[in-house]
Amino acid sequence: MHQSLSPDRLVVPGFARVQVVETSPSTNAELAAAVRSDAAAWPAPSALVAEHQTAGRGRAGRSWEMPARAGLTVSVLLRPQVPADALGWLPLLAGLAVVRTVSDGGVAAAVKWPNDVLLPTVDTVAGLGRYRKVAGILTEVVPEAPASRAVPGVVLGIGLNVSQSATELPVPTATSLALAGCPRPDRTDVLVRLLGEVHALVRRWEQAGGDAVAAGLLDEYTAVSATLGTRVRAELAGGAGVLEGEAVGLDGSGALVVRLESGEERTVTAGDVWHLR
């Protein structure tokens, strides 16, 4: 049986509010609606956590499913004090925060650009190679009143598989911390570590004025990337085409740089990226 969170242990330095609800269709949608309704009740950073999310969403409108209490479905409200053109780094920092959280629990993790978190496995699966997906991230701007002078709110949604068995996973390309060898992962401890990592990384980024390079975050992300140095197929957002080549780096905005067979380098700012080897 999957265990409930322990709200009395959900004390996260730097967080103004961490609320746990039994069920939510989508913590991202629910938190965004709550902020629009009463922003003062949700100072940044705050988090909304659901024991069971019934209609979770991933990137590109995909669904995100997990049994009740088997993983973490959490949405974090942030108001990043950085230039607007630096916000593209936020999803990458979220992926890095999950990698640091999982690795702190003794499980090696990597990130597929921009922010799918992967765990190594012994066999190969199409699009991921010798990895399985353990976490997904969805970042959304909170639309607020035009007259609002507050820094724009961003909701950072994280879904992390914690204690699922193989039969409880929705697709064969997924895994969980338990399946990867993390002994009896405590969801409350994992959540506290995760929120702490998000807070610490965002603070470093803000203190550097949104410059991920100056903050050392580009180097840290590169060190845990499963994508860089790999041949990839990038399906660009909005049906803008497909690129194939080697992922050779990130630019200053966090976009993926792909070197084509011709030697030309193209940047990918949004879309699906699949590993070809």
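Residues numbered from 1 in each chain as written. Predicted model: local features only at pLDDT ≥ 70, side-chain atom pairs only at ≥ 80, totals over all residues. Heavy atoms only, no water.

> What should I look at first to understand the sheet that holds strand E13 (residues 265-268) in this one?
Pairing between the strands of a sheet is mediated by backbone hydrogen bonds and can be parallel or antiparallel. Read across the sheet, five strands follow the order E13-E12-E11-E10-E14 without closing on themselves; strand pairing throughout is antiparallel. What marks the edges here is a single partner per strand, and that holds for E13 and strand E14 (271-275). Averaged over all adjacent pairs, the angle separating strand axes in this sheet is 45°, with direction ignored. Across four bridges, the pairing between strand E11 (residues 242-250) and strand E12 (residues 256-259) is antiparallel. For Gly249, the partnering residue across the bridge sits in E12 and is Val257. (Pairing = 2+ DSSP bridges. Helix = DSSP H or I, 4+ residues; strand = E, 2+ residues; numbered from the N terminus. Axes fitted to C-alpha atoms, helices over the stretch in contact; angles between N-to-C directions.)

> Please explain the packing of helix H2 (residues 90-104) against helix H3 (residues 187-207) as it appears in this structure.
Think of two packed helices as two axes; the pair is described by the angle between the axes and how far apart they sit. Packing of H2 against H3 leaves a shortest axis separation of 8 Å and a crossing angle of 135°. Judged by the inter-axis angle, H2 sits oblique to H3. As H2 runs across H3, the sense of the crossing is right-handed. Across the interface between the two elements, Leu90, Leu93, Leu96, Ala97, Val98, Arg100, Thr101 and Asp104 from H2 touch Val190, Arg193, Leu194, Glu197, Val198, Leu201, Val202, Arg204 and Trp205 from H3. (Parallel < 35°, antiparallel > 145°, perpendicular 65-115°, else oblique. Left-handed = near helix turned anticlockwise from the far one by under 90°. Contact = heavy atoms within 4.5 Å.)

> Just to check I follow, could you spell out the environment of Gln81 for this structure?
Turning to its location among the elements, Gln81 is positioned in the loop between strand E5 (71-78) and H2. Separated by 48 residues in the primary sequence, Gln81 and Ala33 place their C-alpha atoms 22 Å from one another. Reaching out from Gln81, the side chain makes a polar contact with the backbone oxygen of Arg79 at a distance of 3.1 Å. (Polar contact = N/O pair within 3.5 Å; in protein donor to acceptor, adjacent residues only side chain to side chain.)

> Please clarify how the UniProt feature "domain: Biotin protein ligase C-terminal" (unreviewed entry) in the protein should be interpreted in this entry.
As annotated by UniProt and renumbered to match this structure, "domain: Biotin protein ligase C-terminal" (unreviewed entry) occupies residues 227-274. The span residues 227-274 is 0% helical and 56% strand by assignment, and the distance between its end C-alpha atoms comes to 9 Å. (UniProt positions renumbered as here; feature names shortened; annotations may be inferred.)

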